[in-house]
Amino acid sequence: MTDIDWQGLRAAATEAMRKAYVPYSEYPVGAAAFVEDGRIVAGCNTENASYGVGLCAECGLISNLAMTGGGRLAAFVCVNGAGETIMPCGRCRQLLNEHALPDMLFETVSGIRTIDEVLPDAFGPRDLEHMAG
Ligand code: THU
């Protein structure tokens, strides 16, 4: 996937953002990603009365990925209620990294970035393989 439809991806993220459940922060977030096969997966944040267990939009996206057939993520964008691009939080970078193509792209506040730039020297599944057996 060299020609990413960032506008289409942002539209999917914005649609997801409108479904966010955010009674506590009132900060809706929508995340969307292209999977390597071209389909789009998305998610919105869903908060909880027990504040600490609220789910970021990326959690829903990763669940959506698994539920719709899995695969690797090729491109990602995340928006807030003002339609601004925001960065995935640190925990969610780790979530995304687990399912990323090696050259996965992010539309970020500072332009298009790779997964390695967004989460350098990541700990991932290969680190566990290395120790197995
Ligand atoms: N949030 C996300 O959904 N994704 C991120 O990567 C950053 C933060 C949500 C969590 C919480 O519901 C709200 O934004 C305010 O922190």
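Quick note: structure is the one above.
Note that the structure is a prediction, hence the values are computed from the model and not measured. (Residues numbered from 1 in each chain as written. Predicted model: local features only at pLDDT ≥ 70, side-chain atom pairs only at ≥ 80, totals over all residues. Heavy atoms only, no water.)

1. Details of the sheet that holds strand β2 (residues 40–44)
Stage number 1. Pairing in this open sheet of five strands is mixed, and the strands run β2-β1-β3-β4-β5 from one edge to the other. Each edge of the open sheet carries a strand with a single partner, namely β2 and β5 (111–114). Going across the sheet, the axis of each strand differs from the next one's by a mean of 20°, ignoring polarity.
Stage number 2. Sheet topology note: the strand β3 (residues 73–80)/strand β4 (residues 100–108) ladder contains three bridges and is parallel. Residue pairing in the sheet places A75 in a bridge with L105 of β4.
Stage number 3. Helix-sheet contacts for helix α1 (residues 6–17) involve β1 (29–35), β2, β3, β4 and β5, and the interaxial angle to β3 is about 50°.
Stage number 4. In this fold helix α2 (residues 57–67) packs onto β1, β2 and β3, with an angle of close to 145° to the strand it touches most, β2. (Pairing = 2+ DSSP bridges. Helix = DSSP H or I, 4+ residues; strand = E, 2+ residues; numbered from the N terminus. Axes fitted to C-alpha atoms, helices over the stretch in contact; angles between N-to-C directions. Contact = heavy atoms within 4.5 Å.)

2. Details of the side chain of N80
Stage number 1. Its location among the elements puts N80 in strand β3.
Stage number 2. Here the side chain of N80 touches A82 through a polar contact of 2.9 Å, landing on its backbone nitrogen.
Stage number 3. In this structure the side chain of N80 is engaged in a polar contact, spanning 2.8 Å, whose partner is the side chain of E84.
Stage number 4. N80 has contacts with M17, Y27, P28 and I86, leaving out every residue within four places of it along the chain. (Polar contact = N/O pair within 3.5 Å; in protein donor to acceptor, adjacent residues only side chain to side chain.)

3. Details of the layout of surface pockets
The gaps of empty space that remain are located by a probe, the size of a water molecule, rolled over the atoms.
Stage number 1. In this structure, the largest pocket spans a volume of roughly 340 Å³.
Stage number 2. N97, A100, G124, P125 and R126 are, among the 14 residues lining the largest pocket, the residues nearest its centre.
Stage number 3. At the level of secondary structure, the elements contributing two or more residues to the lining of the largest pocket comprise α3 (90–98), β4, α4 (115–118) and α5 (125–131).
Stage number 4. Residues of the lining of the largest pocket, tallied by class, amount to seven nonpolar, two polar and five charged.
Stage number 5. There is about 170 Å³ of room inside the second largest pocket.
Stage number 6. Around the second largest pocket, the lining comprises 15 residues; the ones closest to its centre are V29, N45, C56, A57 and E58. (1 Å grid on protein atoms, 1.4 Å probe; cavity = no way out; pocket = protein on both sides within 12 Å on 5 of 7 lines; lining within 4 Å. Points joined across faces, edges and corners; volume = space filled by probe spheres on them. Nonpolar A, V, L, I, M, F, W, Y, C, P; charged D, E, K, R; others polar.)

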